[in-house]
Amino acid sequence: MKKIALVGSLALGLIASSLFAAEKPLRLGIEAAYPPFAFKTADGQIAGFDYDIGNALCAEMKVECQWVEQEFDGLIPSLKVKKVDAILSSMTITDERRKSVDFTGKYYYSPARLVMKAGTEVDADFANLKGKRIGVQRSTTTDRFASEVMAAKGVEVVRYSSQNEIYLDMLSGRLDGTLADAIPVDEGFLKTDNGKAFGFVGPAFTDPAYFGEGAGIAVRKGDSELLGKLNAAIQAIRGNGAYQKIQDNYFSFDIYGE
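Residues numbered from 1 in each chain as written. Predicted model: local features only at pLDDT ≥ 70, side-chain atom pairs only at ≥ 80, totals over all residues. Heavy atoms only, no water.

A.B. asks: So, the nonpolar core: which residues are in play, and what are the values?
C.D. replies: By size, the foremost hydrophobic cluster in this structure holds 36 residues, and its most contacted members are Phe49, Leu57, Tyr108 and Leu230. Listing elements by their share of this core, those giving two or more residues are strand 1 (26–30), helix 2 (49–61), strand 4 (65–69), strand 5 (86–92), strand 12 (215–220), helix 9 (224–240) and helix 10 (242–250). (Core = buried A, V, L, I, M, F, W, Y, C linked by side-chain atoms within 4.5 Å. Buried < 20%, exposed > 50% of the residue type's maximum accessible area, 1.4 Å probe, protein only. Helix = DSSP H or I, 4+ residues; strand = E, 2+ residues; numbered from the N terminus.)

Structure follows, in structure tokens:
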């Protein structure tokens, strides 16, 4: 009887293993040029907060993560044509994007800030920024705000494929500043040697109409099954300590917010 039970147990184990092996990898779209959330290491590997969170979610869901690297403005089109199953790339949840994709709940929150030479004065209505060249990453919430609000005040809005390109043009003097999410610009630029001459200027921007509800994971419209699994996994890693451990590797404060 013990032998029969052992054989049965082994058979069940093999079935479970084969089912797990048959599970399709979860293809996650990411832009790996947004430190500390996603960046390339010296050996060309993707790393960062978003990457670690995605791997933790895949582990929780017991699926293999397959990362698909792409420029940010190409992520939603790739999701729509099924090149990826989800987008995990610091994408802010907004009503405008909800017309194209469905979102999980947030997995972190960051307000937007304007960064210019340290000490620059900024009027509440941006009047003294007339004629200034402000860089934004294309297809982001800051792109939309700058285009709709700041451009009307005479600001010249310059669009880029990545935030790193913006930093280079700020350092060369081709830009006067950038409007970007506060946490990545602080960690990825202001706290580096290149950012020493720059600083946050003006207020934090938090208007939900432009800056949304935090960063979420995007899935195709109507993919309620994957959406439910991802939301459950986010709550699970928040509860079991995995999220806290990842956060502490990158930040000295609570990035999740209220």
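A.B. asks: Outline the packing of helix 2 against helix 9, listing residues and values.
C.D. replies: In the contact formed by helix 2 and helix 9, the axes pass within 9 Å of each other and the chain directions differ by 105 degrees. Judged on the interaxial angle alone, helix 9 and helix 2 are roughly perpendicular. Of helix 9, the residues touching helix 2 (which contributes Ile53, Ala56, Leu57, Glu60 and Met61) are Lys229, Leu230, Ala233, Ile234, Ala236, Ile237 and Asn240. Taken together, the residues of the contact of helix 2 with helix 9 break down into 9 nonpolar, 1 polar and 2 charged. (Axes fitted to C-alpha atoms, helices over the stretch in contact; angles between N-to-C directions. Parallel < 35°, antiparallel > 145°, perpendicular 65-115°, else oblique. Contact = heavy atoms within 4.5 Å. Nonpolar A, V, L, I, M, F, W, Y, C, P; charged D, E, K, R; others polar.)

A.B. asks: How would you summarise the packing of aromatic side chains if you had to cite specific residues and measurements?
C.D. replies: A full pass over the atoms with the stated rule returns 23 aromatic pairs. Centre to centre, the rings of Phe37 and Tyr108 are 4.5 Å apart; their planes meet at 15 degrees, and the pair counts as stacked. With Phe37 in the loop between strand 1 and strand 2 (39–40) and Tyr108 in the loop between strand 6 (101–103) and strand 7 (112–117), this residue pair connects regions lying 71 residues apart in the sequence. Using a relative accessible area of 0% as the deciding quantity, one classes Phe37 as buried. Between the aromatic rings of Tyr210 and Phe211, the centroid separation amounts to 6.4 Å while the plane-to-plane angle is 50 degrees, which identifies the pairing as tilted. (Phe/Tyr/Trp six-rings, centres within 6.5 Å; stacked < 30°, edge-to-face > 60°.)

A.B. asks: Can you explain helix 7 (residues 182–190)? Please cite residues and give values.
C.D. replies: Of all the 9 residues making up helix 7, 7 are buried; the element is thus mostly covered by neighbouring parts of the structure. Ala182, Ile183, Pro184, Val185, Gly188, Phe189 and Leu190 are the residues of helix 7 that are buried. Buried residues along helix 7 sit in contact with strand 7, helix 6 (163–172), strand 10 (177–181) and strand 11 (198–205).

A.B. asks: Which residues make up unusual backbone geometry, and what values go with them?
C.D. replies: Keep in mind that most residues, glycine aside, have a negative phi and that most peptide bonds are trans. Residue Pro36 is reached from Pro35 by a cis peptide bond, and omega for that bond is 5 degrees. Looking at the secondary structure, you find Pro36 in the loop between strand 1 and strand 2. Positive phi outside glycine occurs at Lys62, with the angle close to 60 degrees. Note that Lys62 resides in the loop between helix 2 and strand 4. For Lys62, a relative accessible area of 57% puts it in the exposed group. A positive phi angle, near 65 degrees, is found at Phe126, a position not held by glycine. Relative to the elements of secondary structure, Phe126 occurs in the loop between strand 7 and strand 8 (133–137). Residue Phe126 is classed as buried on the basis of its relative accessible area of 6%.

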